[in-house]
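# Residue-level structural notes
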Amino acid sequence: MGEPVARAREKGGPWVALAAAVFYPMTLLLAKRRMEGLENVPERGPAMLVCNHVSYLDPVYTAVFVHRAKRVPRFLAKASLWDVPVLGRTLSGSRQIPVSRGSVEAGASLDAARTSFADDGVVVIYPEGTITRDPEGWPMNARSGAARLALDSDVPVVPVVHWGTLSVYDHYKRRFRPSWRTTITVRAGDPVPLDDVRARAREAGPDRDRSTEVALLRETTDRMMSAVRDLLADVRGEAAPEPTRRPRGSGT
């Protein structure tokens, strides 16, 4: 299952402790658990984790993974979850970040993420914006929000993948099958190299033209999602299909 990282634990407060008390047993009961690459989550300072998304169970395993790395995850999650009793209070108390999709307020979530970086936070984002619709569970094309954060924030961007959660809970097929014959793997890889793209963005300046902005965002997105896709292929032990085959997500 992977050994906890030997480092000082980031303080999370009572709401994080409550979530951990629920999530840890859940991840142990639903299936076998394997967590790899904990050392790739920075020990201190801000970081951004970009993850694939195959099941609504993924955030539970991501949260435990980051917590086992002795850090506190701050998820970008749909704002409607804050309306759910108890869950909404837990999300607020643990400083998660609501995303109002299709709204003029959507950009506020990116501002909140930047504020979390300034507070040395670990921000978790699923660039696809929803669970994949690919029939084989490969990542869809990402939206631009994750790339915008990665491009204008000088923080490590770490790819993280999940595999096995779909076997336990498949939302589209309405199937829930906990089993210890299933192994759920969460793995973090090396940070995505983005220094050169960020340097070009700084050189172009904040008032860069639309075509330059689109090109920079596309290159940043491609690098992040390529890292996620390649890491997932390694976990699955099979070659990933070309990314052009993936449908587009509906994220920030």
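So, here's what we can say about the structure.

How each quantity is defined
- Residues numbered from 1 in each chain as written.
- Predicted model: local features only at pLDDT ≥ 70, side-chain atom pairs only at ≥ 80, totals over all residues.
- Heavy atoms only, no water.
- Buried < 20%, exposed > 50% of the residue type's maximum accessible area, 1.4 Å probe, protein only.
- Helix = DSSP H or I, 4+ residues; strand = E, 2+ residues; numbered from the N terminus.
- Arc of directions from axis to C-beta.
- Contact = heavy atoms within 4.5 Å.
- Pairing = 2+ DSSP bridges.
- Axes fitted to C-alpha atoms, helices over the stretch in contact; angles between N-to-C directions.
- Parallel < 35°, antiparallel > 145°, perpendicular 65-115°, else oblique.
- Nonpolar A, V, L, I, M, F, W, Y, C, P; charged D, E, K, R; others polar.

### Considerations on helix H7 (residues 195-204)
Within H7, burial applies to Val197, Arg198 and Ala201. Buried residues of H7 fall within an arc of 100° about the axis and therefore sit on the same side. The outward face of H7, more than 90 degrees from its buried face, is lined by the exposed residues Asp195, Arg202 and Glu203. Here the buried face of H7 lies against helix H5 (145-152), strand E6 (157-163) and helix H8 (210-236).

### A few points about the sheet that holds strand E3 (residues 73-78)
The pairing of strands in a sheet happens through backbone hydrogen bonds and is either parallel or antiparallel. Read from one edge to the other, the open sheet built from seven strands follows the order E1-E9-E6-E2-E5-E3-E4, with strand pairing classed as mixed. The open sheet terminates on both sides in strands that have one partner only, identified here as strand E1 (32-36) and strand E4 (97-99). Sheet twist, expressed as the average angle between the axes of neighbouring strands with direction ignored, equals 20°. Seen against the sheet, H8 touches strand E2 (47-51), E6 and strand E9 (183-188) and runs at an angle of roughly 35° to E6.

### Points about the packing of H5 against H8
Between H5 and H8, whose axes approach to 9 Å, the crossing angle comes to 100°. When the axes of H5 and H8 are compared, the pair comes out roughly perpendicular. Contacts from Ala146, Ala147, Arg148, Ala150 and Leu151 of H5 reach H8 at Arg210, Glu213, Leu216, Leu217, Thr220, Thr221 and Met224. For the contact of H5 with H8, the class distribution of residues is seven nonpolar, two polar and three charged.

The quantities given are spatial measurements derived from coordinates; they are silent on function.
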